[in-house]
Amino acid sequence: MRIETCYVCSAPSYPGRGITFVRNDAKVFRFCRSKCHKAFKAKLNPRKLRWTKAFRRAAGKEMSVDTTFDFERLRHRPVKYDRELMKKTVRSMERVQQIKEAREKRFWDKRMEGNKKLEEQRDLKEVEQGLDLIVSPLVQKEQQKVTKKVAQRVAAKA
């Protein structure tokens, strides 16, 4: 069973699913869903559609170059079944997945590093705008004393 990738969004297109378009020059385009097919017919560039993998890679939001991607490349060579080879393959696939997740996490952390500074700046700006709403602790204590005195007087009169 061969799992192809969608021409527009790069999602997996399983056999019997999606749409296959064959052009007159025998070039085959596979689409995972009608949304991708319509985008192709409308001649939209996948790198400009925000929901595609091509956009995420072009915008630097996803890793585009990594050695772990080499393991996912299609290999159309039939291999004679060997139980030991299958065990090794499954183990290595799990290990590659762990490495890939760790690298993606580091990539995401590095990409989000600048957001802390931006958040701090936004918070400081918000505090500066509402500085008049913030009451200093000394003024707060004096107000509490005044309210206690007023409460005592009211209680004494009653």
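Conventions we followed
Residues numbered from 1 in each chain as written. Predicted model: local features only at pLDDT ≥ 70, side-chain atom pairs only at ≥ 80, totals over all residues. Heavy atoms only, no water. UniProt positions renumbered as here; feature names shortened; annotations may be inferred. Helix = DSSP H or I, 4+ residues; strand = E, 2+ residues; numbered from the N terminus. Rg over C-alpha atoms; globule rule 2.2 N^0.38 Å. Buried < 20%, exposed > 50% of the residue type's maximum accessible area, 1.4 Å probe, protein only. Contact = heavy atoms within 4.5 Å. Expected span 1.5 Å × (residues − 1). Bend = angle between axes of the 7 residues up to and from the residue. Pairing = 2+ DSSP bridges. Salt bridge = Lys/Arg side-chain N within 4 Å of Asp/Glu carboxyl O. Patch = residues over 30% accessible without salt bridge, like charges linked within 9 Å, V, L, I, M, F, W, Y side chains within 5 Å. Areas by Shrake-Rupley, 256 points an atom, 1.4 Å probe, with all protein chains shown as cover. Lys, Arg positive; Asp, Glu negative; His and termini not counted. Charge placed at Lys NZ, Arg CZ, Asp CG, Glu CD.

Taking an unreviewed UniProt entry as the reference, the protein is identified by name as TRASH domain-containing protein belonging to Prymnesium parvum. According to the UniProt record, the Sequence similarities (unreviewed entry) comment for the protein reads "Belongs to the eukaryotic ribosomal protein eL24 family."

Trainee: Sorry, what's going on with the overall build of the protein here?
Mentor: Along the backbone of the protein there are four helices and four strands. What you see in the protein, going N to C, is helices and strands ordered as β-β-β-β-α-α-α-α. Taken over C-alpha atoms, the radius of gyration comes to 30 Å for the protein, far larger than the 15 Å a tight globule of 158 residues would show. Dimensions of the protein along its principal axes, counting C-alpha atoms only, are 95 × 50 × 35 Å. Per-residue burial over the protein gives 13% buried out of 158 residues. For the protein, long-range pairs separated by at least 24 residues make up 41% of all intrachain contacts whose partners lie at least 6 apart in sequence.

Trainee: Got a minute to help me understand the UniProt feature "domain: TRASH" (unreviewed entry) in the protein in this structure?
Mentor: The positions that UniProt labels "domain: TRASH" (unreviewed entry) are, in the present scheme, residues 6-44. With 21% helix and 26% strand, residues 6-44 has end C-alpha atoms that lie 14 Å from one another.

Trainee: What am I meant to see in helix 3 (residues 83-129) here?
Mentor: An α-helix turns once per 3.6 residues; consequently, residues spaced three or four apart project the same way. The first and last C-alpha atoms of helix 3 sit 68 Å apart over 47 residues, in line with the 69 Å expected at 1.5 Å per residue. Along its length, helix 3 shows its largest kink, about 30 degrees, at Arg111.

Trainee: Sorry if this is basic, but what is going on with the pairing of strand 3 (residues 19-22) here?
Mentor: One face of the sheet, then the other: side chains in a regular strand alternate in exactly this way. Where strand 3 and strand 4 (residues 28-31) come together, four bridges link them in antiparallel fashion. Among the inter-strand pairings, Thr20 is bridged to a residue of strand 4, identified as Arg30. Counted between consecutive antiparallel strands, the loop separating strand 3 from strand 4 contains five residues, among which Ala26 sits at a positive phi close to 70 degrees.

Trainee: It is not clear to me how the pattern of salt bridges should be interpreted in this structure. Could you clarify?
Mentor: Side chains carrying opposite charge are able to pair once their charged atoms draw close together. Applying the stated rule across the entire model yields three salt bridges. Note that Arg23 is salt-bridged to Asp25, the shortest N-O span being 3.2 Å. You can call Asp25 exposed: its relative accessible area is 51%.

Trainee: Would you take a moment to explain unusual backbone geometry for this structure?
Mentor: Among all residues save glycine, negative phi is the norm, and among peptide bonds the norm is trans. Phi angles above zero are rare outside glycine, and Ala26 is one such case at about 70 degrees. Considering the arrangement of structural elements, one finds Ala26 in the loop between strand 3 and strand 4. Using a relative accessible area of 58% as the deciding quantity, one classes Ala26 as exposed. Its identity is not glycine, yet Lys43 carries a phi of approximately 60 degrees, on the positive side. Relative to the assigned elements, Lys43 resides in the loop between helix 1 (34-41) and helix 2 (53-58). Taking relative accessible area as the criterion, Lys43 reaches 76% and is therefore assigned exposed.

Trainee: I'm lost on helix 4 (residues 137-157) in this one. Help?
Mentor: Spanning 21 residues, helix 4 covers 30 Å between terminal C-alpha atoms, matching the ideal 30 Å at 1.5 Å per step. Little of helix 4 sits inside the fold, with zero of its 21 residues counted as buried.

Trainee: Hey, could you run me through the environment of Arg50 in this one?
Mentor: Checked against the element boundaries, Arg50 lands in the loop between helix 1 and helix 2. Distance in space between the C-alpha atoms of Arg50 and Asp109 is 21 Å, their sequence separation being 59 residues.

Trainee: It is not clear to me how a negative patch on the surface should be interpreted in this structure. Could you clarify?
Mentor: Taken together, the side chains of Glu119, Glu120, Asp123 and Glu126 define an acidic patch exposed on the protein surface. Take Glu126: it is sitting in helix 3. The class of Glu126 is exposed, set by a relative accessible area of 57%.

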